[in-house]
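# Observations on the model geometry
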Amino acid sequence: MKKHLTVPMNGGVRCLLKHQKLTGEHAGKPYQALFGVLQGAHYQDLREKAARDLGALDFDGYGLGGAFEKEHLSDILFWCNRILPESKPRHLLGLSKPDDIFVGVENGCDTFDCVAPTREARHGKVYTLDGDINLRNAKFRGDSSTLFEGCQCPTCKSSYTRGEKFVNY
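On a predicted model such as this, the values are computed, not experimentally measured, just so you know.

### Notes on the overall build of the protein chain
The helix and strand tally for the protein chain stands at 6 helices and 6 strands. Going residue by residue from the N terminus, the α and β elements of the protein chain occur as α-β-α-β-α-β-α-β-α-β-β-α. Looking at the protein chain as a whole, 32% of its 169 residues qualify as buried. Partitioning the intrachain contacts of the protein chain with sequence separation of at least 6 by distance along the chain shows that 51% fall at a separation of at least 24. By element, 56% of the accessible surface of the protein chain is carried by carbon and sulfur atoms, the whole surface being about 10500 Å².

Put into structure tokens, the structure is as follows:
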């Protein structure tokens, strides 16, 4: 596994050089940020090495990716973010659930991406403070109540209900 960490380091240097070249060639166009992505699975030594090596390079920010098992997420983020430059944004890649955002914030992450809510919403799932509900269940057909009572988000404040056809197609 340690051998594989030299690839991102070497690749990081190549990416930065190519990025500088392309940025110069596209003068007058909007700047496109380049983030270095840290890997290392759930191994502390590998994560810390990746954070030291890539953190020493002048990326615009850093992406924390790789194999995240939920029970290791907090530790992995702590190991990396205590080493990475505080002046650069840290992006947590590919969360599994929205509640992982809290773990990310508590451990120094600034931005996030998560495909799960969109993917699950296509199949009728909605996240609420009372837990997940599946709006495709028969009990929600014709239900005129709001998605989550008392919620002030734009969706809940709209006229959408639990029984809307847009969910039950």
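Now that the structure is up, let's keep going.
### Focus on the environment of Lys97
Structurally, Lys97 is set in the loop between strand S3 (90–92) and helix H4 (100–106). When the C-alpha positions of Lys97 and Cys114 are compared, they lie 7.2 Å apart, and in sequence the two are 17 residues distant.

### Remarks on the environment of Ala51
Position of Ala51 among the secondary structure elements: in helix H2 (residues 44–55). The spacing of Ala51 and Arg82 is 31 residues in sequence and 8.9 Å in space, taken between C-alpha atoms. When sequence neighbours within four positions are dropped, the list of residues in contact with Ala51 reads Leu38, Cys80, Ile83 and Leu84.

### Considerations on the pairing of strand S5 (residues 125–128)
Both S5 and strand S6 (residues 131–134) contribute to a ladder of 4 bridges, which runs antiparallel. For Thr128, the partnering residue across the bridge sits in S6 and is Gly131. Where S5 folds back onto S6 in an antiparallel hairpin, the turn is made up of 2 residues.

### Some points on the nonpolar core
Leu38, Phe59, Leu64 and Leu92 are the most contacted members of the largest nonpolar core, which has 19 residues in total. Elements supplying a minimum of two residues to this core: H2, strand S2 (61–64) and helix H3 (73–81). The element that contributes the greatest number of residues to this core is H3, accounting for 5 residues. Of all hydrophobic cores here, the second largest spans 6 residues; its members include Ile133, Phe140, Phe148 and Cys156.

### Observations regarding the confidence of the model for the protein chain
In this model, the protein chain carries an average pLDDT of 86, and 90% of its residues clear a pLDDT of 70 or more. Across the protein chain, the element-wise mean pLDDT spans from 80 in helix H1 (residues 2–25) up to 96 in S2.

### Some details on the packing of H2 against H3
Where H2 meets H3, the axes come as close as 8 Å, and the angle between the chain directions of the two elements is 35°. Crossing hand, H2 versus H3: right-handed. Each of Gln44, Arg47, Glu48 and Ala51 in H2 lies in contact with H3, whose residues at this interface are Ile76, Trp79 and Cys80. Here the contact of H2 with H3 is built from residues that sort into 4 nonpolar, 1 polar and 2 charged.

### Here's the deal with H2
Think of an α-helix as 3.6 residues a turn; residues three or four steps apart then line up on the same face. With 12 residues, H2 extends 16 Å between its outermost C-alpha atoms, agreeing within 8% with the 16 Å of an ideal straight helix rising 1.5 Å per residue. Buried residues of H2: Leu46, Arg47, Glu48, Ala50, Ala51, Leu54 and Gly55, and no others.

### Side note on the sheet that holds strand S4 (residues 111–112)
Strand order in the open sheet formed by 4 strands is S1-S2-S3-S4, with parallel pairing between adjacent strands. Edge positions in the sheet fall to strand S1 (35–38) and S4, since each of these pairs with one other strand and no more. With 3 bridges connecting them, S2 and S3 associate as parallel partners. Bridge assignment links Gly63 to a residue of S3, and that residue is His91. Strands in contact with H2 are S1 and S2; relative to S1, the strand with the most contacts, it is inclined by about 165°.

What counts and how
Residues numbered from 1 in each chain as written. Predicted model: local features only at pLDDT ≥ 70, side-chain atom pairs only at ≥ 80, totals over all residues. Heavy atoms only, no water. Helix = DSSP H or I, 4+ residues; strand = E, 2+ residues; numbered from the N terminus. Buried < 20%, exposed > 50% of the residue type's maximum accessible area, 1.4 Å probe, protein only. Contact = heavy atoms within 4.5 Å. Areas by Shrake-Rupley, 256 points an atom, 1.4 Å probe, with all protein chains shown as cover. Pairing = 2+ DSSP bridges. Core = buried A, V, L, I, M, F, W, Y, C linked by side-chain atoms within 4.5 Å. pLDDT = per-residue confidence, 0-100. Axes fitted to C-alpha atoms, helices over the stretch in contact; angles between N-to-C directions. Left-handed = near helix turned anticlockwise from the far one by under 90°. Nonpolar A, V, L, I, M, F, W, Y, C, P; charged D, E, K, R; others polar. Expected span 1.5 Å × (residues − 1).

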